[in-house]
Amino acid sequence: MGSRERSILVSLLLISFLIGGYFVGQTASLLTPNADQAQQFTGLLAPVLLFTVLQIIVQSVMAIVWREGSDERDRLIALTGYRYSYWGLWLALSIVVLLCTRGFFAAGLMLTPALAANAVLFLVAVADGVGLLGQLWHYRMGIRA
Amino acid sequence: MALPYGYSCVKQASAKTIHNHLRALRFAHNEMSQQQLAERVGVTRQTIIAIERGKYSPSLEVAFKIADVLGLPLAEVFSYG
C-alpha cells in the first residue's frame, strides 16, 4: 500500500468515526422538535474542529514518515475522486430533501440555522467520504484515463 | 440477430487494451528494481507496480520515458491488442 493510499484510508477512517459517529449519536436529538439550538450548534463544532486538527497532525506526520511524491496516476485518481464526490453530494442532498419533505414537516420540525448547519456538514461529509472511497477503489482495482 | 456494422466495430475496438512486458524487460536490464525504474522515470513505485499488473495505462510521456530508460523502442515495451 502506497503512502497516498494510507493517507486516504486515514482520512476516510477519521471522517467515518468522528463525523459519522457524531451523526449516529445526534440524529435523534437533531430530529426532536424544539430542541436547544445553541447546544446543537456547539455540538456540531466539536467533531469538525477535532477532525480538522487530527487531519492536519496525522497527514503531516504521514508526509514526514512516508516521504513519497505524487505522479500522473495519483492526479488522475484524485480527479476521479472529485467526480465521485459530486455524486456523493447529490446523494446526500437527496437524503436531506427527503427528510425535510417527509419527516421534518410531518413531525412539526422547523429548519433552524443549527439544523441547516448540520445538514451542510452532512452533505460535505458524505461527498468527501464517497470521493475518498472512490479513490481507494481505483488504487486497488486500477484506473484508465 | 446480426449487429450493425458500426456497433461491432466499436465493441471490437473497446476490447483492445494496452499490454506490456515491463517486468521481464526490467529483469533483462540488469535486474533493475521497480524503485530504480520509478526514480529514473519520475513516477512512484506504486505506479510502476500498477503498470506491470495492467491496472494503469501510462501517458505517452511516461511510456516513452520507460522505453528510453530501458533503451528499447516503445513498441517493444508496450503493445496494443
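Scroll up to find the structure this text is about.
Residues numbered from 1 in each chain as written. Chains lettered and ligands numbered in written order. Predicted model: local features only at pLDDT ≥ 70, side-chain atom pairs only at ≥ 80, totals over all residues. Heavy atoms only, no water.

J.: Looking at this structure, I do not really get the overall build of chain B. What am I missing?
T.: The helix and strand inventory of chain B stands at six helices and two strands. Across chain B, the fraction of contacts at a sequence separation of at least 24, relative to all contacts at a separation of at least 6, is 57%. (Helix = DSSP H or I, 4+ residues; strand = E, 2+ residues; numbered from the N terminus. Contact = heavy atoms within 4.5 Å.)

J.: Before we go on, may I ask you to explain the interface of chain B and chain A in this structure?
T.: When the parts of a complex come together, some accessible area is lost, and that lost area is often used as the size of the interface. With 13 residues of chain B at the interface, the matching set in chain A holds 15 residues. Here chain B and chain A share an interface that buries about 1,100 Å² over both sides, 43% of which is from carbon and sulfur atoms. The largest per-residue losses of area from chain B upon contact with chain A belong to Q46(B), K55(B) and Y56(B), which jointly make up 48% of the total buried on that side. Put simply, chain B and chain A have six residue pairs in polar contact (both at pLDDT 80 or more) between them. Here the side of chain B that touches chain A takes four residues from helix α4 (residues 45-52) of chain B, the largest share from any one element. Here the residues of the side of chain B that touches chain A sort into five nonpolar, six polar and two charged. (Buried area = accessible area lost by both parts, 1.4 Å probe. Polar contact = N/O pair within 3.5 Å; in protein donor to acceptor, adjacent residues only side chain to side chain. Nonpolar A, V, L, I, M, F, W, Y, C, P; charged D, E, K, R; others polar.)

J.: Can you help me understand a nonpolar patch on the surface in this one?
T.: Residues and elements named next belong to chain A. A cluster of nonpolar side chains, namely V53, I57, V61, I64, V65 and W66, defines an oily patch on the protein surface of about 570 Å² accessible area. As for its position among the elements, I57 is in helix α2 (residues 37-65). Residue class for I57 comes out partly exposed when judged on its relative accessible area of 48%. (Patch = residues over 30% accessible without salt bridge, like charges linked within 9 Å, V, L, I, M, F, W, Y side chains within 5 Å. Areas by Shrake-Rupley, 256 points an atom, 1.4 Å probe, with all protein chains shown as cover. Salt bridge = Lys/Arg side-chain N within 4 Å of Asp/Glu carboxyl O. Buried < 20%, exposed > 50% of the residue type's maximum accessible area, 1.4 Å probe, protein only.)

J.: Hey, could you run me through the packing of α2(A) against helix α4 (residues 113-141) of chain A in this one?
T.: When two helices pack together, their arrangement is captured by the angle between the axes and the distance separating the axes. Residue and element names in this part refer to chain A. Running from amino to carboxyl end, α2 crosses α4 at an angle of 25°, the nearest separation of the two axes being 8 Å. The orientation of α2 relative to α4 falls into the category roughly parallel. Here the hand of the crossing between α2 and α4 comes out left-handed. Here Q37, Q40, F41, L44 and V48 of α2 come into contact with α4, specifically with P113, A114, L115, A117, N118 and L121. When grouped by side-chain class, the residues that make up the contact of α2 with α4 number eight nonpolar, three polar and no charged. (Axes fitted to C-alpha atoms, helices over the stretch in contact; angles between N-to-C directions. Parallel < 35°, antiparallel > 145°, perpendicular 65-115°, else oblique. Left-handed = near helix turned anticlockwise from the far one by under 90°.)

J.: What's the story with the packing of aromatic side chains in this structure? I'm lost.
T.: The description of an aromatic ring pair rests on the distance of the ring centres and on the angle between the ring planes. All told, the structure shown has three aromatic pairs over all chains when counted by the stated rule. Taken together, a centroid distance of 5.1 Å and an interplanar angle of 70° make the contact between Y22(A) and F23(A) edge-to-face. Considering the side-chain rings of F23(A) and F122(A), the 5.5 Å spacing of their centres and the 80° angle between planes classify their relative orientation as edge-to-face. With F23(A) in helix α1 (residues 3-30) and F122(A) in helix α4, this residue pair connects regions lying 99 residues apart in the sequence. F23(A) sits in the buried class, given a relative accessible area of 12%. The aromatic ring of F27(B) is capped on one face by R26(B), whose charged end is 5.2 Å from the ring centroid. (Phe/Tyr/Trp six-rings, centres within 6.5 Å; stacked < 30°, edge-to-face > 60°. Lys NZ or Arg CZ within 6 Å of the ring centre and 35° of its normal.)

J.: I'm lost on the pattern of salt bridges in this one. Help?
T.: Pairing is possible between side chains of opposite charge, provided their charged atoms come close. Applying the stated rule across the entire model yields four salt bridges over all chains. Beyond isolated ion pairs, a larger network of salt bridges with shared partners links R23(B), R26(B) and E52(B).

J.: Looking at this structure, how should I read the side chain of E52(B)?
T.: Position of E52(B) relative to the elements: it lies in helix α4. A distance of 3.1 Å separates a polar atom in the side chain of E52(B) from a polar atom in the side chain of Q34(B).

J.: Explain the environment of Q36(B) here, please?
T.: Residues and elements named next belong to chain B. Structurally, Q36 can be placed in helix α3 (residues 34-41). Of the residues examined, Q36 reaches a relative accessible area of 42% and is grouped as partly exposed. Considered as a pair, Q36 and R26 are ten residues apart in the sequence and their alpha carbons are 9.9 Å apart.

J.: Just to check I follow, could you spell out α4(B) for this structure?
T.: An α-helix turns once every 3.6 residues. As a result, residues three or four positions apart point the same way. Residue and element names in this part refer to chain B. By the criterion of burial, α4 is predominantly enclosed, with seven of the eight residues buried. Looking at α4, one finds that the buried residues are Q46, T47, I48, I49, A50, I51 and E52. Directly after α4, the chain includes G54, whose backbone phi takes a positive value near 75°.

J.: What exactly am I supposed to notice about the packing of α1(A) against α4(A) here?
T.: All names here are of chain A. The interhelical angle for the contact between α1 and α4, taken along N-to-C directions, is 150°, at an axis separation of 9 Å. When the interaxial angle is binned, α1 and α4 end up roughly antiparallel. Seen from above, α1 lies across α4 with left-handed handedness. Split by residue class, the contact of α1 with α4 holds 16 nonpolar, four polar and four charged.

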